[in-house]
Amino acid sequence: MEPASAFRVLEHERLGLEVRVNFGMLTGREATRAEIDHLAHALRRLASSFEIVSEERHEFGGDSEASLHQVVVEMPSVEDDVAIDVVGVAERWARACYDNRHIELDL
């Protein structure tokens, strides 16, 4: 018997915190593994347990279609001040990723 490649999820685990970074909209590309590792390193100072998901999303509805790349940070319940810090780290990380690839050349 082969394992199912698609399956229905009946129950969703309730997350404590979910932070979505519209990485593709800012940078015009996907996040690299090294960049995600840098984000993880920065988040380790704030929480001992978390997940980072790098995803390409395709949304369809009516007469519109959208394709975007997001990085999502998920972690168990945290205090509000930690949540604010996580959002700040994610924002600074995304900006740094953009800045590293968009250097103005003075020719």
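See the structure printed just above.
Right, let's walk through the structure included here. The structure presented is a predicted model; accordingly, all values stated were derived computationally and were not measured.

1. Observations concerning the environment of Glu91
Mapping Glu91 onto the fold places it in helix H3 (residues 80-101). Using a relative accessible area of 43% as the deciding quantity, one classes Glu91 as partly exposed. Separated by 71 residues in sequence, Glu91 and Arg20 place their C-alpha atoms 9.8 Å apart.

2. Here's the deal with the packing of aromatic side chains
Inspection of the entire model under this criterion finds one aromatic pair. With a centroid separation of 5.1 Å and 35° between ring planes, the pair formed by Phe23 and Trp93 is classed as tilted. Of this pair, Phe23 sits in helix H1 (residues 23-27) while Trp93 is found in helix H3, placing the two residues 70 residues apart along the sequence. Since its relative accessible area comes to 0%, Phe23 is described here as buried.

3. A look at the side chain of Arg29
Inspection of the secondary structure assignment puts Arg29 in the loop between H1 and helix H2 (33-43). Apart from the residues within four sequence positions on either side, Arg29 is in contact with Phe23, Gly24, Glu35, His69, Cys97 and Arg101.

4. Re the nonpolar core
Grouped together as the largest cluster of nonpolar side chains are 23 residues, with contacts concentrated most on Val86 and Trp93. Of all the elements in the fold, those that place two or more residues in this core are strand E1 (17-21), H2, strand E3 (64-75) and H3. No other element matches H3, which puts eight residues into this core. Each residue touching Trp93, except ones within four places of it in the same chain, is listed here: Val21, Phe23, Ala31, Glu35, Ile36, His38, Leu39 and Val71.

5. So, the sheet that holds E3
Sheet strands line up and pair through hydrogen bonds in the backbone, either parallel or antiparallel. Taking strand neighbours across the sheet as the criterion, the three strands line up as E1-E3-E2 in an open arrangement whose pairing is antiparallel. Looking at the sheet topology across the chains shown, the edges are occupied by E1 and strand E2 (51-61). The mean inter-strand angle of the sheet, taken between neighbouring strand axes irrespective of direction, is 35°. Bridge count for E1 against E3 is five bridges, and the pairing is antiparallel. The residue of E3 that forms the bridge with Leu17 is Met75. Against the sheet, H2 engages E2 and E3, with an angle of about 120° to E2. Contacting E1 and E3, H3 crosses the sheet at an angle of about 20° to E1.

6. Concerning the packing of H2 against H3
Relative placement of two packed helices is described by the angle separating their axes and the distance separating the axes. The N-to-C vectors of H2 and H3 enclose an angle of 150°; their axes lie 10 Å apart at closest approach. For the element pair H2 / H3, the angle class is roughly antiparallel. Note on packing geometry: the crossing formed by H2 with H3 is right-handed. Touching Glu35, Ile36, His38, Leu39, Ala42 and Leu43 of H2 are Val86, Val89, Ala90, Trp93 and Cys97, all from H3. When the residues that make up the contact of H2 with H3 are grouped by side-chain class, the tally is nine nonpolar, one polar and one charged.

Thresholds applied
Residues numbered from 1 in each chain as written. Predicted model: local features only at pLDDT ≥ 70, side-chain atom pairs only at ≥ 80, totals over all residues. Heavy atoms only, no water. Helix = DSSP H or I, 4+ residues; strand = E, 2+ residues; numbered from the N terminus. Buried < 20%, exposed > 50% of the residue type's maximum accessible area, 1.4 Å probe, protein only. Phe/Tyr/Trp six-rings, centres within 6.5 Å; stacked < 30°, edge-to-face > 60°. Contact = heavy atoms within 4.5 Å. Core = buried A, V, L, I, M, F, W, Y, C linked by side-chain atoms within 4.5 Å. Pairing = 2+ DSSP bridges. Axes fitted to C-alpha atoms, helices over the stretch in contact; angles between N-to-C directions. Parallel < 35°, antiparallel > 145°, perpendicular 65-115°, else oblique. Left-handed = near helix turned anticlockwise from the far one by under 90°. Nonpolar A, V, L, I, M, F, W, Y, C, P; charged D, E, K, R; others polar.

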